[in-house]
Amino acid sequence: MKKFFLIYIIFILFMFIYFYSVPPAYNCDDSPETTLAYYTLGIQHPPGYPLPTLIGKIFMSIPCGNFMFRANLISVLFNILAGFFIFLIVEKIFKNFSTDLLINNFISLFSSAVYLFNYSSWLQGIIAKGSIYSLNAFFTVLVVYLLFQNNKKYFYLFSFLYGLSMGNHWTSMIVLLPAIIIYLIFNRKLINTKIIINSIVFFIIGFSIYLFVFIRNSTQPIYSWGDIKTIKDFIWLFTRAQYSGIETKHTIFHTFDLLYFYFKNLLLKEFLPLLIIIIIPVIAMLYKKIKNIIIFILTAYFSLIISVTSLATPPANTQWLIKPYLVSSNIFVSILIALSLFELLKNFKKTIIFVGILIIFITIKINYPGYRYYFIGYDYSKNLVKTASKGSIVISEGDMNIGAVLYETLINKNEFIPFITVVSLYDWYRKQIKRNFSEINLPEKSDITTYLKNFINLNLDKDIFYTNVYNEEWIKDINLFPDGMLLLIYSKNKIFVISDYKFKLYTYRGILDRKVKYDEFTKRLAIENYGMNYFKLANFFMQNKNYLSGFIFFKKGILFYDNDAAMVNAGLCAYYMGNYDEAEKLWKAAIKKNKNSSYAYSNLAFIYMIKKEYEMAKQMLNLALKANPENQTAKDLIIQIDKMQKSNMIF
């Protein structure tokens, strides 16, 4: 305690920095569902996450802030603990080739700070969903620390905790196995058959945390992703079989695309590029001194990176979805950065300390998440509540929409019924929703499209809404009318009011006023959704030739989501109203946003034709066809201009 007293004080300071940055509510990702599972002691989506759920239930009992804030605190605790064990690991490594206690402790502390204040690590360390990734980081450094002790007792504890860690995000822990095996081969004198057998037993004891899903499901919780009664049910949950269809679509091109994204947008962007550059030559120097440890670190690092980029299959332009999965990789990068700094400046002690402190301050300044006044996720949920009428059904798709409606009904007891389409045909879900909402009527099982239509027809005694995120194939025969943040399918009063009045009831804190920082999840799952809601309303008025209202609502939507297609449509509304200057301005903005916006080019041709600038018009039409050879408007206009030129109508 005396040896590390100052270190403890510094880590308490790190914790206060984290506390200062914790948001008061949940983030726009799976955080609502995560908090719901903690509060209800439920089973989360595959693989179930029994360990964080049990820990989360304890935190729900802490009388400190709301439930959302308490869930965020779990991330803080385990990320700070991860940072502390990084300190212990690096401190132990330095004992191999340095006897200077001050420098050893400083470099070890520096390594912890580089990890803790990396943007991805910091963000996941203050939000509820991040509790899973922070806990995973904690287990990663803990098992590495125990493995490095080279002691039988610690190896048994390592085996137990490695098994226990499978009750969290097991796919991120199992990838450490190649590095663990290599390290054990290097230190094979320390193990024998008896130790291996005992270690397997300890691993199984830790893994038994999954008994929770059987026990808890037997009590019929109000929230559970599955009904785990048999080994077959457990395998479905544990192996994440529900997502196998997505992962089997992965190709080698996805892997290279994600690797490029990782190195460009995470490694080089979130760490100071200079630090990454110096690692490469210094690793060779360190290899000669601590060969086994360097091989272990590199194997663990690349195993994690390659496993994520080889399995994840995010939709187009959403590569950022892999960021949370890669938080643990920052551990190994941080250790290598610290070792490299020491190796380069080992003869300049004061310089090491000065440069290290400077890097820490720069890192904190650049990577501060800015979530202290973040209410965007909370307001999004409340705005959904303001839209849904009492006793209505809200058919839901999209991670944030699903989490929000479940949180608001099962925790806050708002009086509407959430219906989750993606699991609607599972028997366990049909039983669960009938237990929670007995007034709902369910049809016989069929294909999802027919099932949804039959479900709607059986519940016409209620208002029925659909979220603004939906699978078009599923709802192809269902009429949807814009109604604020939701789409109205049926009104029991048979009154359909198409207006923006509900938008005027909403709260947009941190988006339009006193803007706060936010991540890609927030941008995509909340802020852009606000824009899409306005666009759907604008499209309705545009199709009914109310161009003024369409123009106004497109412009409002663009405040949230500067979408080039919306700019094209807003320009069309302006054009039909005779406001050609505004139309030209919007179409040029669409091209600036997306150089392949074919219809923006072809629409601009109309403007140039009005101005009698026919060569410019043809130039725009050629660009339109280059972007989209099937643009029929562009084809027709080129023919029209050519005919006019041949008949000498154009000079």
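Residues numbered from 1 in each chain as written. Predicted model: local features only at pLDDT ≥ 70, side-chain atom pairs only at ≥ 80, totals over all residues. Heavy atoms only, no water.

A. Highlighting the nonpolar core. Membership of the largest hydrophobic core comes to 235 residues, with the highest contact counts inside it found for Ile-107, Ile-395 and Phe-419. Here the element with the most residues in this core is helix H4 (residues 67–94); it accounts for 18 residues. If we ignore the near neighbours within four places in the chain, the residues touching Ile-107 are Val-90, Phe-94, Ala-338, Leu-341, Phe-342 and Ile-352. (Core = buried A, V, L, I, M, F, W, Y, C linked by side-chain atoms within 4.5 Å. Buried < 20%, exposed > 50% of the residue type's maximum accessible area, 1.4 Å probe, protein only. Helix = DSSP H or I, 4+ residues; strand = E, 2+ residues; numbered from the N terminus. Contact = heavy atoms within 4.5 Å.)

B. Here's a closer look at unusual backbone geometry. In this structure, the amide linkage connecting Pro-46 to the following residue, Pro-47, adopts the cis form with an omega of 10°. Of note, the phi angle at Tyr-49 is positive, near 50°, even though the residue is not glycine. In this model, Asn-150 sits at a positive phi of 55°, which is unusual for a non-glycine residue. Following the sequence through the fold, Asn-150 ends up in the loop between helix H7 (130–147) and helix H8 (152–165). Classification of Asn-150 as partly exposed rests on a relative accessible area of 34%.

C. Structural view of the packing of H7 against H8. Between H7 and H8, whose axes approach to 8 Å, the crossing angle comes to 160°. Relative to H8, the element H7 lies roughly antiparallel. For the crossing formed where H7 meets H8, the hand is left-handed. Residue-level inspection shows Phe-139, Leu-142, Val-143, Leu-146 and Leu-147 of H7 in contact with H8, the latter providing Tyr-154, Phe-155, Leu-157, Phe-158, Leu-161, Tyr-162, Leu-164 and Ser-165. For the contact of H7 with H8, the class distribution of residues is 12 nonpolar, 1 polar and no charged. (Axes fitted to C-alpha atoms, helices over the stretch in contact; angles between N-to-C directions. Parallel < 35°, antiparallel > 145°, perpendicular 65-115°, else oblique. Left-handed = near helix turned anticlockwise from the far one by under 90°. Nonpolar A, V, L, I, M, F, W, Y, C, P; charged D, E, K, R; others polar.)

D. View of the packing of helix H1 (residues 5–21) against H4. The geometry of H1 relative to H4 is characterised by a closest axis approach of 10 Å and an angle of 150° between their N-to-C directions. As summarised for this structure, H1 and H4 are arranged roughly antiparallel, according to the angle between their axes. Where H1 crosses over H4, the handedness of that crossing is right-handed. For the pair formed by H1 and H4, the contact residues are Ile-7, Tyr-8, Phe-11, Phe-14, Met-15, Tyr-18 and Phe-19 on the first element and Leu-73, Val-76, Asn-79, Ile-80, Gly-83, Phe-84 and Phe-87 on the second.

E. Spotlight on the confidence of the model for the protein. Considering every residue of the protein, the mean pLDDT works out to 91; 98% of them sit at 70 or more. Ranking the elements of the protein by mean pLDDT puts helix H14 (residues 244–247) last, at 68, and helix H3 (residues 50–60) first, at 97. (pLDDT = per-residue confidence, 0-100.)

F. Here's a closer look at the side chain of Asn-104. The topology assignment puts Asn-104 in helix H5 (residues 101–116). Beyond its immediate stretch of four places on either side in the chain, Asn-104 contacts Phe-94, Ser-98 and Thr-99.

G. Fine view of the packing of aromatic side chains. For the coordinates displayed, the defined rule picks out 68 aromatic pairs. Between the aromatic rings of Phe-535 and Phe-554, the centroid separation amounts to 6.1 Å while the plane-to-plane angle is 35°, which identifies the pairing as tilted. Residue Phe-535 is found in helix H24 (residues 520–543), and its partner Phe-554 is found in helix H25 (residues 547–560); the two are separated by 19 residues along the sequence. We note Arg-509 situated over the ring of Phe-375; from NZ or CZ to the ring centre the distance is 4.1 Å. (Phe/Tyr/Trp six-rings, centres within 6.5 Å; stacked < 30°, edge-to-face > 60°. Lys NZ or Arg CZ within 6 Å of the ring centre and 35° of its normal.)

H. Focus on the pairing of strand E1 (residues 393–396). Here E1 shows a buried face lined by Ile-393 and Ile-395 and a second buried face lined by Val-394 and Ser-396. Judged from the 4 bridges that link them, E1 and strand E2 (residues 417–420) form a sheet pairing that is parallel. Considered in E2, the bridge of Val-394 is made with Pro-418. Tracing the backbone out of E1, into helix H21 (residues 399–410) and back to the parallel element E2 gives a crossover that is right-handed. Pairing of E1 with strand E3 (residues 464–467) involves 3 bridges; the strand directions are parallel. Bridge pairing links Ile-393 to Ile-464 in E3. (Pairing = 2+ DSSP bridges. Right-handed = clockwise from strand over helix to strand, strands pointing away.)

I. Structural view of the sheet that holds E1. Taken together, 5 strands build an open sheet; the order of strands is E2-E1-E3-E5-E4 and the sheet is mixed. The open sheet has two edge strands, E2 and strand E4 (481–483), and neither has a second partner. Pairwise comparison of adjacent strand axes, ignoring direction, gives a mean angle of 35° for this sheet. Contacting E1, E2 and E3, H21 runs over the sheet at an angle of about 150° to E2.

J. Local environment of the environment of Ser-121. Along the chain, the position of Ser-121 falls in helix H6 (residues 119–124). What makes Ser-121 buried here is its relative accessible area of 0%. Residues Ser-121 and Leu-51, spaced 70 residues apart in sequence, show a C-alpha to C-alpha distance of 20 Å. Once residues within four sequence positions are removed from consideration, Ser-121 is found in contact with Tyr-18, Asn-79, Tyr-115, Leu-116, Val-327 and Asn-330.

K. Molecular detail of the pattern of salt bridges. In this structure the tally under the stated criterion is 20 salt bridges. Lys-323 serves as the salt-bridge partner of Glu-270, at 3.9 Å between the closest nitrogen and oxygen. Of this pair, Glu-270 sits in helix H15 (residues 252–270) while Lys-323 is found in the loop between helix H17 (291–311) and helix H18 (329–345), placing the two residues 53 residues apart along the sequence. Of the two residues, Glu-270 and Lys-323, both sit in the buried class. In this structure, the salt-bridge partner of Asp-562 is Lys-593, at a minimum N-O distance of 3.2 Å. A residue pair is termed long-range when its members are at least 10 positions apart, and Asp-562 in the loop between H25 and helix H26 (564–576) and Lys-593 in helix H27 (residues 580–593) qualify at 31 residues. For Lys-593, a relative accessible area of 45% gives the class partly exposed. Here the residues in one salt-bridge network are Glu-270, Lys-323 and Glu-520, joined through shared partners. (Salt bridge = Lys/Arg side-chain N within 4 Å of Asp/Glu carboxyl O.)

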